[in-house]
Amino acid sequence: MAREWRNEATDMVEEQIVGRDVKDVRVLAALASVPRHLFVPPEHVSAAYVDRPLPIGSKQTISQPYMVAKMTELLSATPGMSILEIGTGSGYQSAVLAALGLRVWSVERIEHLALSARKRLGDMNIDVNVIYGDGRLGHAENAPYDRIIITAATSRVEPEWDRQLALGGILVAPLNVTTGNQRLLVRENLEHGFRNTWHDYCKFVPLLTGLD
Ligand code: SAH
């Protein structure tokens, strides 16, 4: 795999991401640099670079590569910024954000996923702070964040996320818009209030309450 994964990741970026109009070269380079096969369970390694989400256990998924790229582009982040992710899952999105030079805090409500993502990222020397907790509360200790990304579908922007987003900051989240439909929301914290813009339709697992 050692030789081929870079080719697979490069092809993935060319075919699935550039082909669908993600243009930010730093985002493309970040996606090409992360070994996605190390974030999927052994039985799915052969499909790691395929154009779809994959199961990671406990009814959760690692997002489709295109969706990771699209959300990352919508963040308009620059190196050195701080970011809070809600929904660590496999840790793949966190790794892409770290590859962009961001300082990453990521919250996961399923303990064994939090622990395995923390270990996986640590083993790969990827600097991400994984927190086991209910992400609806954000992670106040290190707030405010320049960016916030939610990787589970939510019916509302939680008040704590707004509170923990820096002035000038941007939040990207999949929102339940109508029954069965989700859409990516970009929410900017501007001096005179929040400004929302709507982007791709998408399909994420639900944001759940409490801890597992
Ligand atoms: N970003 C992940 C994929 C996210 S799947 C990756 O790159 O692999 C959605 C994740 O959100 C799941 O792991 C799920 O357990 C988690 N989740 C759902 N509700 C949550 C909550 N309230 N707080 C924290 N994590 C939550």
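The paragraphs below set out a description of the structure included in this document. Remember, it's a predicted structure, so these values are computed and weren't measured experimentally. (Residues numbered from 1 in each chain as written. Predicted model: local features only at pLDDT ≥ 70, side-chain atom pairs only at ≥ 80, totals over all residues. Heavy atoms only, no water.)

With that settled, consider the site of the ligand. Taken together, 28 residues lie around the ligand, and Gly87, Ser90, Glu108, Gly135 and Leu208 are the ones closest in. Within the side chain of Glu85, an N or O atom sits 3.0 Å from a nitrogen atom of the ligand. Here a nitrogen atom of the ligand and a side-chain polar atom of Asp134 are 3.0 Å apart. For the ligand, whose free accessible area comes to 580 Å², the fraction covered by protein is 100%. Looking at the shell around the ligand, the elements that each hand over two or more residues are strand S2 (60-62), strand S3 (82-86), helix H4 (92-99) and strand S4 (103-108). Top element by residues in the shell around the ligand is S2. It accounts for three residues. Looking at side-chain class alone, the shell around the ligand contains eleven nonpolar, twelve polar and five charged residues. (Near = heavy atom within 4 Å. Polar contact = N/O pair within 3.5 Å; in protein donor to acceptor, adjacent residues only side chain to side chain. Areas by Shrake-Rupley, 256 points an atom, 1.4 Å probe, with all protein chains shown as cover. Helix = DSSP H or I, 4+ residues; strand = E, 2+ residues; numbered from the N terminus. Nonpolar A, V, L, I, M, F, W, Y, C, P; charged D, E, K, R; others polar.)

Turning our attention to the sheet that holds S3. Think of a sheet as strands paired side by side through backbone hydrogen bonds, with each pair either parallel or antiparallel. One open sheet accounts for seven strands, arranged S5-S4-S3-S6-S7-S8-S9; its pairing is mixed. Looking along the sheet, the strands with just one partner apiece sit at the ends: strand S5 (128-132) and strand S9 (193-202). Recorded for the sheet is a direction-independent mean angle of 20° between the axes of neighbouring strands. Where S3 lies against S4, five bridges are found, and the strand directions are parallel. Residue Ser82 lies in a different strand from S4, and its bridge partner there is Arg103. Against the sheet, H4 touches S3, S4, S5 and strand S6 (145-150), its axis set at about 170° to S4. Sheet strands in contact with helix H5 (residues 111-123) are S4 and S5, and its direction is about 165° off that of S5. (Pairing = 2+ DSSP bridges. Axes fitted to C-alpha atoms, helices over the stretch in contact; angles between N-to-C directions. Contact = heavy atoms within 4.5 Å.)

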